[in-house]
Every structure is written in structure tokens, then in C-alpha cells.
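Topology and contacts: notes
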Amino acid sequence: MDRLDPHSTHGNPDPVRDGGRGEFAGGAPAGAFDPWRYRDTARVADADLVGYKVEATDGGIGKIDSASHEVNDSYLVVDTGPWVFGRKVMIPAGTVNHVDHDERKVHVDRSKDQIKAAPEYDETADTDPTYRDRLGGYYGETYSAIPPGTAR
């Protein structure tokens, strides 16, 4: 699978929308990636997302166990059920592409493999700055042409 290039316009003549925080359908957000902030176009609007299903780009990964809407500190904790041996994963809000409230589904712009390879979630680590930096950095790297974790 080809990696998305955050600097590419993906065929759109105006890559920057919504004050530099716009997005391309199925692609990386325009401007700098902010892992801890929902995109303006995601249709979250402080909705209670607990219980919503989460869809990666290549299929379902589980249901939301908890969600944060804190300013610059938003994320989802997803119970993956049997998909990843019953473990939970923390997904930064910046990966949310859009929310379908009718279907009760949150669509993220990462694949199952990218989510599975993320730093392991530890329920005590969600407030640990080191863990959050590592997790945010990992998801930021997944927009890069260089695979996550590859030495630069």
C-alpha cells in the first residue's frame, strides 16, 4: 500500500481548507498533524462516542470504551475484543476522519496493521507525557513516506 504524502494535494487544487486544518477524503489532514485534536470536519462536536464502533481504512477494530474531548488532549480508547486478543488501544483524536452518528461509527484514517503496531496501551500511561509523546509521534510518522519506526 502506498503511503500518503501530507504535502501532496491529492488532486485538489486547494489543499489547505478550514484555516489549514482541512482534510482530504481518506487522506492526511492538510497542514501540521495534531494528534490530540479532532479535525473540525470530523463531526465529533462533543458527542458521547462511547459504544460507537471504530472502522479503520480496512475494516472494523472494535468499540469505543472511553473518549476524551479535552482541548489539545483528545483521544479514543478502543476495546478491540478478539481482534487483538482483547487488548485496548489508544487512538489520538487527530486520526478520526469522520463520525457517522446514524451508524454509530467512527472512521479513522489508519489501517488495522498501523493501529496494531502502535505503542501498547497501558491504562495507567494515558496521562504519562512520555507515552503520549511516543504515541503521538508514532501516529504522526504514519503520514510519512518512511514507515513508522524506521531509522532516519
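Residues numbered from 1 in each chain as written. Predicted model: local features only at pLDDT ≥ 70, side-chain atom pairs only at ≥ 80, totals over all residues. Heavy atoms only, no water.

Some remarks on the overall build of the chain
Looking only at helices and strands, the chain has two helices and six strands in total. Along the chain, from the amino end to the carboxyl end, the secondary structure elements read β-β-β-β-β-β-α-α. A burial count over the chain gives 41% of its 152 residues as buried. Partitioning the intrachain contacts of the chain with sequence separation of at least 6 by distance along the chain shows that 52% fall at a separation of at least 24. For the chain, the exposed area adds up to about 8100 Å²; of that, 48% sits on carbon and sulfur atoms. (Helix = DSSP H or I, 4+ residues; strand = E, 2+ residues; numbered from the N terminus. Buried < 20%, exposed > 50% of the residue type's maximum accessible area, 1.4 Å probe, protein only. Contact = heavy atoms within 4.5 Å. Areas by Shrake-Rupley, 256 points an atom, 1.4 Å probe, with all protein chains shown as cover.)

Thoughts on the pairing of strand 5 (residues 96–100)
The sheet contact formed by strand 5 and strand 6 (residues 105–108) spans four bridges and is antiparallel. Across the sheet, the residue bridging to aspartate 100 is lysine 105, located in strand 6. From the end of strand 5 to the start of strand 6, which pair antiparallel, there are four residues, and arginine 104 there has a positive phi angle of about 55°. (Pairing = 2+ DSSP bridges.)

Examining the pattern of salt bridges
Any two side chains of opposite charge can pair, given that their charged atoms come close. Going through the model one piece at a time under the given rule, you end up with six salt bridges. Where aspartate 65 meets lysine 88, a salt bridge forms, and the shortest distance between an N and an O atom there is 2.7 Å. One end of the pair, aspartate 65, is in strand 2 (residues 59–68); the other, lysine 88, is in strand 4 (residues 88–92), and 23 residues separate them in sequence. Aspartate 65 gets classed as partly exposed once you look at its relative accessible area, which sits at 37%. By relative accessible area, which is 22% here, lysine 88 ends up partly exposed. Arginine 110 is the partner of aspartate 109 in a salt bridge, and the nearest nitrogen-oxygen pair spans 2.4 Å. Assessed through its relative accessible area of 1%, arginine 110 is described here as buried. One connected set of salt bridges, linked through shared partners, spans Arg39, Asp109 and Arg110. (Salt bridge = Lys/Arg side-chain N within 4 Å of Asp/Glu carboxyl O.)

Remarks on the pairing of strand 6
Residue alternation in strand 6 divides its side chains into a buried set, Val106 and Val108, and an unburied set, Lys105 and His107. For strand 1 (residues 53–56) and strand 6, the ladder comprises three bridges, and the chain directions are parallel. The residue of strand 6 that forms the bridge with glutamate 55 is histidine 107.

Here we look at a negative patch on the surface
A grouping of Glu120, Asp122, Asp128 and Asp133 is seen on the molecular surface, where their side chains present a negatively charged patch. Position of aspartate 128 relative to the elements: it lies in the loop between helix 1 (112–116) and helix 2 (129–141). (Patch = residues over 30% accessible without salt bridge, like charges linked within 9 Å, V, L, I, M, F, W, Y side chains within 5 Å. Lys, Arg positive; Asp, Glu negative; His and termini not counted. Charge placed at Lys NZ, Arg CZ, Asp CG, Glu CD.)

Re the side chain of threonine 95
By secondary structure assignment, the location of threonine 95 is in the loop between strand 4 and strand 5. Engagement of the side chain of threonine 95 in a polar contact is seen with the backbone oxygen of proline 92, the distance being 2.8 Å. When residues no more than four places from it in sequence are discounted, the contact partners of threonine 95 are Phe33, Arg39, His107, Val108, Asp109, Arg110 and Tyr139. (Polar contact = N/O pair within 3.5 Å; in protein donor to acceptor, adjacent residues only side chain to side chain.)

Some remarks on the packing of aromatic side chains
In total, this model carries one aromatic pair according to the counting rule given. Relative to tyrosine 139, the ring of tyrosine 138 has its centre 5.1 Å away and its plane inclined at 85°; by these criteria the two rings are edge-to-face. One exposure class covers both tyrosine 138 and tyrosine 139, and it is buried. Just above the ring of tryptophan 36 sits the side chain of arginine 132; from NZ or CZ to the centre is 3.9 Å. (Phe/Tyr/Trp six-rings, centres within 6.5 Å; stacked < 30°, edge-to-face > 60°. Lys NZ or Arg CZ within 6 Å of the ring centre and 35° of its normal.)

So far we have only geometry, and geometry alone does not tell us how the molecule works.
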